[in-house]
Amino acid sequence: MSEPTKLQKLEKIDRRWVFLVMLVAVSIPLFVSVDLPLKVTPAAQSFYDSIEALQPGDIVYYAADYDPGSKPELDPMLMATLDHLCRKDVKIVSACLWPAAPPLLEAGLNTVAVEKYGKEYGVDFVHLGFKEGKENVMVQLGKSFRDVFPQDYYGTKVEDIPLLAQKKANGEWMVDKFDDVKMIVNISAGYPGTKEWVQQVRSRYNIPIISGCTAVSAPEYYTYLRSDQLSGLLGGLSGAAEYEDLVNLPGFGIQGMAAQSLGHVAIILMILVGNILYFINSRK
Amino acid sequence: MNLSGDIWVWVAAILTLAIMSYLYKDNPIYKFAEYLFVGVASGYYLSIYYANVMVPNLFTPVGDGVKALGGGVWTWDLWRLVALVLGLMLFSRLIPKFGWPSRWPMGLLVGAYSGLAIMGFAQGDLLAQLQDSLIPIIDKSALSAFGDASGMTNKFLAFLNVLSHPILIIGLLSTLYYFFFSQEHTGVSGKVAKVGIWFLMISFGASYGFTVMARVTLALDRLRFLFGDWLGLNIL
Amino acid sequence: MPKTLHNRLRAFWLRALALALGGSLWLPVLAWAQEDSQPFFLVERHNILVILVVFGALFLFCISQASKGKRYFIRKIAGLEAVEEAVGRSTEMGKAVLYVPGIDDVNNIQTIYSMIILSHVAKMVARYETPLIVPICRPFVVPLAEETVKQSYLDAGSPDAYNVNDIRYLSEEQFAFTAGVDGIMLREKPAANLYLGSFFAESLILAETGFQTGAIQIAGTANVHQLPFFVVACDYTLMGEEFFAASAYLSDEPKLIGTLKGTDYMKVVLIAVLLVGIALETMGYSGLTNWMEQR
Amino acid sequence: MLKREVPLLITILVGWFMVIEYFFPGAEKWSSELQNWAIIMTALASVLGVANVARINMLKISRKQKDWGYSVVLMAGMILMVVLGTLFPMIKSIFGIESSWTLAGMELSGVTSGTWFTQFYDSMFVPMQGTMFALLAFYIASAAFRSFRIRSVDATLLAVAAIIVMIGRVPIGDVMWSGMSGLSDWIMNVPNLAAKRAILIGAALGAISTGLKVIMGIERNFLGGD
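Predicted model, so just to flag it, every value in this text is computed and none were measured.

K.L.:
What is the right way to read the overall build of chain B from this model?
P.N.:
Assigned secondary structure in chain B consists of seven helices and zero strands. Going residue by residue from the N terminus, the α and β elements of chain B occur as α-α-α-α-α-α-α. Scaling as 2.2 N^0.38, a compact globule of 236 residues should have a C-alpha radius of gyration of about 18 Å, whereas chain B reaches 29 Å, well beyond that. Across its three principal axes, chain B shows a C-alpha extent of roughly 75 × 60 × 40 Å. The proportion of buried residues among the 236 residues of chain B is 61%. In chain B, of all internal contacts separated by at least 6 residues, the share reaching a separation of at least 24 is 36%. Of the accessible surface of chain B, which amounts to about 9500 Å², a share of 71% is contributed by carbon and sulfur atoms. One finds the centroid of the 14 positive side-chain charges in chain B at a distance of 9 Å from the centroid of its 12 negative side-chain charges.

Okay, structure coming up:
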């Protein structure tokens with residue numbers, strides 16, 4: 001075998017150099033301000049419209065199913081949706097099917113509902129905590145919230161939580177199943193998440209669902225959006241940015257778009273340069 | 001530069017760097033962080049299971065049931081003990097050669113999830129997706145939108161929309177056919193399958209693009225934390 | 001046919017299905033009977049029942065035909081030829097074959113199916129006396145893989161070639177496992193890397209390292225979100241259902257072949273329904289579409 | 001009998017019950033209790049997973065196997081979290097203690113905000129898990145450069161779609177060409193959707209047939225060998 005040429009060496013370069021290039025590409029926009037226009041896609045628009053159509057006093061079931069591994073993508077959606085819901089005076093019953101999610105949800109509720117809007121826990125919103133059981137829990141929630149969650153995240157019995165303790169004239173609970181809420185807002189990082197909510201709950205209990213999900217799962221969920229099984233979809237950080245733009249709350253989503261753009265361009269250049277080198281080297 | 005004075009930010013920053021050091025090479029500092037993470041995460045999970053599931057759904061109802069039983073009343077709550085016994089049988093898996101009791105609860109769980117999965121896939125994916133695919137070949141609203149569109153770019157996008165229905169139908173049918181295993185992919189059948197592969201490739205490309213987006217976001221967040229929260233640099 | 005529990009069960013379900021098919025004719029009567037009272041059966045959901053019963057009947061029929069000895073035709077899966085080629089090349093080069101059965105536990109069906117392909121690969125390497133390396137991520141998969149490989153070596157007539165150290169439990173932690181497999185690739189330079197099973201984010205790391213070592217790489221997974229990374233860096237990829245079909249093709253189990261065949265027939269039904277429905281919609285009739293509405 | 005038939009019978013009965021419940025609303029009360037059991041048992045199964053991690057690492061430490069020092073770190077982290085999140089609350093509830101136990105202004109017992117438990121979650125769990133997944137951005141970059149080879153028509157289609165989507169989903173796309181986001185959206189909604197839908201339908205058939213096999217007692221692999 002002959003001595004490899006410079007270009008051949010470059011094609012097989014130590015990957016740590018590639019890591020370094022990536023590091024620089026994503027870091028630069030953090031220090032240099034670039035203003036880029038944002039265009040809202042129909043998927044994000046329908047997500048926004050679904051919440052906008054809610055009336056003050058309506059109740060939503062808020063399912064935060066993610067963990068710190070996808071916090072950067074989904075926290076902006078959590079913050080913006082909670083803000084939008086509080087602004088509309090919608091009441092929130094929230095819970096998690098991922099064990100690592102409750103502290104993230106709690107932080108969001110504290111920042112937005114309590115500190116920004118002065119909402120009262122137990123009256124305007126409630127955090128039911130985590131429950132194991134995946135699809136089982138989803139189906140069971142359609143029959144009775146209190147059966148699955150006899151206590152909230154703080155160990156308070158649901159009978160002592162005003163939002164869940166009211167009864168109708170006929171003696172039934174006012175808020176106890178999906179029939180009693182207007183919509184499910186799902187923040188989803190995978191299994192169990194949006195796919196399972198759609199499969200198990202959407203038509204069984206005939207309730208609309210909107211989903212904010214990680215970019216990895218978004219391409220699959222476009223099928224659910226088209227078939228109206230989802231009434232709105234935010235995919236990844238760019239979905240979050242579009243929504244932040246719609247509710248007029250610039251956050252990590254919008255701030256991140258410049259760096260995100262440069263990151264994507266860097267990856268594309270790597271694909272192209274890698275292939276050009278491969279093309280030249282394989283011709284020799 | 002305005003270095004953080006919060007000890008917890010320092011803890012988080014050092015652990016972040018420890019994990020990142022793996023990019024250079026596998027090293028003891030990374031390993032330390034990795035094992036610490038698994039340990040903390042395991043302890044976290046156990047505690048959440050205890051506080052959020054065991055206490056409210058098992059201990060409290062059973063406690064109430066026992067109290068009621070003391071008063072001479074049998075309540076439904078006590079049936080939860082069956083779940084406890086079955087659940088504990090799972091632990092027999094930890095003892096080699098004595099794993100069979102774990103099959104009872106496994107049987108129950110697999111049965112329950114299978115039953116739910118059948119209904120979920122049948123209604124959520126099969127029937128609903130099939131129904132939504134029954135579309136007319138010609139999309140009249142797209143046609144009229146094409147007529148109204150002005151400017152090259154808009155005209156082009158409107159034209160794509162006119163093609164949407166036929167492309168959807170061809171893509172769906174050919175991809176379904178690609179996954180049909182009773183016929184050799186030769187001649188016409190091979191050509192149809194080939195079209196199916198093309199659609200699959202475009203959809204993989206879309207997934208690739210979205211996955212890149214997800215990963216870049218995660219890196220971005222860590223860099224923001226290191227530069228902003230920890231080093232206190234003036235970032236956007 | 002022996003009267004095992006298995007066979008009796010199948011006969012029972014076949015009869016039950018026939019009954020269900022006949023019973024569904026009574027649905028309109030039931031709808032009329034419970035018009036005003038609390039419904040006993042949710043008639044509006046009968047469309048799902050019909051689809052399930054049709055599908056169930058098709059695949060039960062195929063399973064029972066297959067177990068009676070009917071040979072069904074399944075097209076040759078191109079990826080499998082590639083596997084043989086890869087193992088062949090490893091043998092020529094005198095290098096090992098690396099087989100990664102995914103990172104999921106035994107409760108994932110993909111792990112079980114991966115074992116069928118592993119057994120096929122093990123038989124090939126046993127014949128050629130090519131070393132085989134099987135890194136494992138979950139403790140409960142270890143005995144399964146050991147059994148599979150041992151049995152295959154026995155079947156191939158060279159039980160002595162089996163080496164316990166070929167099945168290597170690395171770590172349950174996703175990225176620690178990945179690092180371990182990477183290490184194997186870089187140190188032992190296997191000439192063929194087979195990734196068949198349930199993979200997640202590690203897919204691209206494995207495929208990239210393998211590409212750099214110059215090995216022939218074949219991947220297969222039903223985790224669709226990971227397919228792009230395998231497709232771009234591997235020489236051949238079994239995509240989604242192809243992975244299941246490949247294992248059914250290799251196994252002699254009537255259960256698997258029957259299922260595959262039943263699913264195939266159901267696809268014919270679905271394609272027919274699609275064609276009819278699209279034609280009806282194009283002509284302006286929405287009856288079929290409305291029947292599928294879920295309530 | 002106890003080893004094979006009973007578990008199989010449990011699977012079949014429970015499985016069918018979950019299917020039937022969808023069509024016959026009368027079964028609801030019974031299925032509720034069953035689902036409550038499943039919730040408790042799934043939680044216990046997860047505890048089993050944690051117990052297994054503890055067991056493996058304790059063995060490693062006691063046998064002084066390679067890298068046993070790291071196992072000590074793992075166990076220390078686990079025990080710390082279990083003491084704060086499980087042991088202390090348990091003691092409090094058994095002895096009926098209402099008062100709070102604070103150290104440096106933070107509660108020692110419990111899992112909600114303002115506790116040491118949550119502090120460790122925030123400054124250890126969150127950054128470490130976040131960083132582990134962030135590393136993937138770098139790997140994806142090196143995979144793009146070193147192994148994404150456009151060698152065929154198929155790979156070309158994949159690459160072109162990926163590039164359009166990558167540019168079209170971020171604002172820079174529309175800066176380059178005003179139709180870019182529209183084009184990428186169209187790819188997501190038409191060709192991508194067609195293939196994804198076919199995959200979805202195929203996967204649904206696979207999942208339903210697997211499920212049916214399980215609840216008909218034909219598939220028994222999950223119960224293991226004899």
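K.L.:
Can you walk me through the UniProt feature "transmembrane region" (unreviewed entry) in chain C in this structure?
P.N.:
When the UniProt feature table is mapped onto this chain, "transmembrane region" (unreviewed entry) is found at residues 49-66 and 268-288 of chain C. Summarising residues 268-288 of chain C: 81% helix, 0% strand, and an end-to-end C-alpha distance of 17 Å.

K.L.:
Got a minute to help me understand the sheet that holds strand E4 (residues 192-196) of chain C in this structure?
P.N.:
Think of a sheet as strands paired side by side through backbone hydrogen bonds, with each pair either parallel or antiparallel. Residue and element names in this part refer to chain C. Taken together, six strands build an open sheet; the order of strands is E3-E2-E1-E4-E5-E6 and the sheet is parallel. At either end of the open sheet lies a strand with only one pairing partner, and these are strand E3 (167-169) and strand E6 (236-239). The average angle at which neighbouring strand axes cross in this sheet is 15°, direction not considered. Pairing between strand E1 (residues 97-100) and E4: four bridges, direction parallel. From the neighbouring strand, Tyr 99 faces E4, where its bridge partner is Leu 194. Contacts from helix H4 (residues 78-93) reach E1, E4, strand E5 (216-221) and E6 within the one sheet, and its direction differs from that of E5 by about 145°.

K.L.:
Which parts of the structure should I look at to understand the packing of helix H1 (residues 5-23) of chain D against helix H2 (residues 28-62) of chain D?
P.N.:
Axes are the key here: two packed helices are described by the angle between their axes and the distance separating the axes. Residues and elements named next belong to chain D. At a minimum axis separation of 10 Å, H1 and H2 run at an interaxial angle of 130°. With respect to H2, the axis of H1 lies oblique. Where H1 crosses over H2, the two elements pack in a sense that is left-handed. Counting all contacts with H1, which are made through Val 14, Phe 17, Met 18 and Glu 21, the residues of H2 involved are Trp 30, Ser 31, Leu 34 and Gln 35.

K.L.:
How do you make sense of the domain arrangement of chain C when you look at a structure like this?
P.N.:
Interface size is commonly expressed as the accessible surface area that is lost when the partners come together. Residues and elements named next belong to chain C. Domain assignment breaks chain C into domain 1 (5-71 + 253-291) and domain 2 (78-250). Distance between the C-alpha centres of domain 1 and domain 2: 37 Å. Residue-level contacts link four residues of domain 1 with five residues of domain 2. Contact between domain 1 and domain 2 buries roughly 420 Å² in total, counting both sides, with carbon and sulfur atoms accounting for 70%. Its largest share of buried area at the contact with domain 2, domain 1 owes to Leu 256, Leu 260 and Lys 267, together 81% of the area lost on that side.

K.L.:
Where do I start with the pattern of salt bridges in this structure?
P.N.:
Should the charged atoms of two oppositely charged side chains come close, the side chains can pair. Applying the stated criterion across every chain yields a total of 34 salt bridges over all chains. Between Lys 39 of chain A and Asp 174 of chain D there is a salt bridge whose closest N-O contact spans 3.6 Å. Taken together, the residues Lys 39 of chain A in the loop between helix H2 (15-31) and helix H3 (42-52) and Asp 174 of chain D in helix H6 (residues 172-176) connect one chain to another. Glu 188 of chain C serves as the salt-bridge partner of Arg 168 of chain C, at 3.0 Å between the closest nitrogen and oxygen. Linking Arg 168 of chain C in strand E3 with Glu 188 of chain C in helix H7 (residues 174-188), this pair joins segments that are 20 residues apart in sequence.

K.L.:
Even after reading the chapter, I still don't get the UniProt feature "transmembrane region" (unreviewed entry) in chain B, so can you show me in this structure?
P.N.:
With numbering aligned to this structure, UniProt lists the feature "transmembrane region" (unreviewed entry) at residues 7-24, 36-53, 73-92, 104-122, 156-180 and 192-214 of chain B. Structurally, residues 104-122 of chain B is divided into 100% helix and 0% strand, and its ends, taken at the C-alpha atoms, are 27 Å apart.

K.L.:
Just checking my understanding: could you explain the nonpolar core for this structure?
P.N.:
If you look at soluble globular proteins, the nonpolar side chains tend to sit buried side by side. By size, the foremost hydrophobic cluster in this structure holds 358 residues, and its most contacted members are Tyr 61, Tyr 62, Val 93, Phe 178 and Trp 197 of chain A together with Val 121 and Leu 132 of chain C. The element best represented in this core is helix H7 (residues 187-230) of chain B, accounting for 21 residues. Once residues lying within four places of it in the same chain are set aside, the contact partners of Tyr 62 of chain A are Met 77, Leu 78, Thr 81, Leu 82, Leu 85, Ile 92, Val 93, Ser 94, Ala 95, Leu 105, Val 185 and Ile 187 of chain A.

K.L.:
Please clarify how the interface of chain B and chain D should be interpreted in this entry.
P.N.:
Opposite the 107 residues of chain B that make contact, chain D presents 118 residues. Surface buried jointly by chain B and chain D totals about 10700 Å² across both partners, of which 80% is contributed by carbon and sulfur atoms. Three residues, Trp 8, Tyr 35 and Arg 103 of chain B, lead the burial of chain B against chain D; their summed loss comes to 7% of the area buried on that side. In this structure, the connection of chain B to chain D is made through four salt bridges. Two residues, Asp 132 of chain B and Arg 197 of chain D, come together in a salt bridge whose shortest N-O distance is 2.7 Å. The tally of links from chain B across to chain D stands at 18 residue pairs in polar contact (both at pLDDT 80 or more). Counting residues per element, the ones that place at least two in the side of chain B that touches chain D are helix H1 (7-20), helix H2 (28-70), helix H3 (80-89), helix H4 (103-133), helix H6 (152-178) and H7 of chain B. Residues of the side of chain B that touches chain D, tallied by class, amount to 74 nonpolar, 24 polar and nine charged.

K.L.:
Can you walk me through the environment of Gly 105 of chain D in this structure?
P.N.:
All names here are of chain D. By the element assignment, Gly 105 lies in the loop between strand E1 (102-103) and strand E2 (106-107). What makes Gly 105 exposed here is its relative accessible area of 69%. The spatial distance from the C-alpha of Gly 105 to the C-alpha of Pro 171 is 45 Å, given a sequence separation of 66 residues.

K.L.:
How do you make sense of the pairing of strand E2 (residues 91-96) of chain A when you look at a structure like this?
P.N.:
If a strand is regular, its side chains alternate between the two faces of the sheet. Residues and elements named next belong to chain A. Across the six residues that make up E2, a large majority, five, are buried. Both strand E1 (residues 59-65) and E2 contribute to a ladder of five bridges, which runs parallel. By the bridge assignment, Ile 59 is partnered in E2 with Lys 91. As for the winding sense of the linkage, the β-α-β connection from E1 through helix H4 (residues 71-87) to E2 is right-handed. Pairing analysis gives four bridges linking E2 to strand E3 (residues 125-130), with the strands arranged parallel. Paired with Val 93 across the strands is Val 126, a residue of E3.

K.L.:
Please clarify how the packing of aromatic side chains should be interpreted in this entry.
P.N.:
Each pair of aromatic rings is reported with the distance of its centres and the angle of its planes. In this structure the tally under the stated criterion is 47 aromatic pairs over all chains. Here the aromatic rings of Phe 19 of chain A and Tyr 139 of chain D are separated by 5.4 Å at their centres, their planes lie at 85°, and the arrangement is edge-to-face. Of the two residues, Phe 19 of chain A sits in helix H2 while Tyr 139 of chain D sits in helix H4 (residues 116-146), which places them in two different chains. An identical accessibility class is assigned to Phe 19 of chain A and Tyr 139 of chain D; each is buried. With a centroid separation of 5.3 Å and an interplanar angle of 90°, the aromatic rings of Tyr 121 of chain A and Phe 125 of chain A are classed as edge-to-face.

K.L.:
Before we go on, may I ask you to explain the environment of Gly 253 of chain A in this structure?
P.N.:
Residues and elements named next belong to chain A. The topology assignment puts Gly 253 in helix H12 (residues 252-283). For Gly 253, a relative accessible area of 0% gives the class buried. Contact partners of Gly 253, with chain neighbours within four places excluded, come to Pro 76, Leu 237, Ala 241 and Glu 244.

K.L.:
So what exactly am I meant to see when it comes to the interface of chain A and chain C here?
P.N.:
In this assembly, five residues from chain A lie in contact with eight residues from chain C. For the chain A and chain C pair, buried surface summed over both sides reaches about 580 Å², with 34% attributable to carbon and sulfur atoms. Interface area lost by chain A to chain C is led by Lys 12, Arg 15 and Ser 203 of chain A, which between them contribute 66%. Where chain A packs against chain C, one counts two salt bridges. Where Arg 15 of chain A meets Asp 182 of chain C, a salt bridge forms, and the shortest distance between an N and an O atom there is 3.6 Å. At the junction of chain A with chain C, the criterion picks out three residue pairs in polar contact (both at pLDDT 80 or more). Class assignment of the residues belonging to the side of chain A that touches chain C gives a composition of one nonpolar, one polar and three charged.

The rules we used
Residues numbered from 1 in each chain as written. Chains lettered and ligands numbered in written order. Predicted model: local features only at pLDDT ≥ 70, side-chain atom pairs only at ≥ 80, totals over all residues. Heavy atoms only, no water. Helix = DSSP H or I, 4+ residues; strand = E, 2+ residues; numbered from the N terminus. Rg over C-alpha atoms; globule rule 2.2 N^0.38 Å. Buried < 20%, exposed > 50% of the residue type's maximum accessible area, 1.4 Å probe, protein only. Contact = heavy atoms within 4.5 Å. Areas by Shrake-Rupley, 256 points an atom, 1.4 Å probe, with all protein chains shown as cover. Lys, Arg positive; Asp, Glu negative; His and termini not counted. Charge placed at Lys NZ, Arg CZ, Asp CG, Glu CD. UniProt positions renumbered as here; feature names shortened; annotations may be inferred. Pairing = 2+ DSSP bridges. Axes fitted to C-alpha atoms, helices over the stretch in contact; angles between N-to-C directions. Parallel < 35°, antiparallel > 145°, perpendicular 65-115°, else oblique. Left-handed = near helix turned anticlockwise from the far one by under 90°. Domains from an automatic or database assignment. Buried area = accessible area lost by both parts, 1.4 Å probe. Salt bridge = Lys/Arg side-chain N within 4 Å of Asp/Glu carboxyl O. Core = buried A, V, L, I, M, F, W, Y, C linked by side-chain atoms within 4.5 Å. Polar contact = N/O pair within 3.5 Å; in protein donor to acceptor, adjacent residues only side chain to side chain. Nonpolar A, V, L, I, M, F, W, Y, C, P; charged D, E, K, R; others polar. Right-handed = clockwise from strand over helix to strand, strands pointing away. Phe/Tyr/Trp six-rings, centres within 6.5 Å; stacked < 30°, edge-to-face > 60°.

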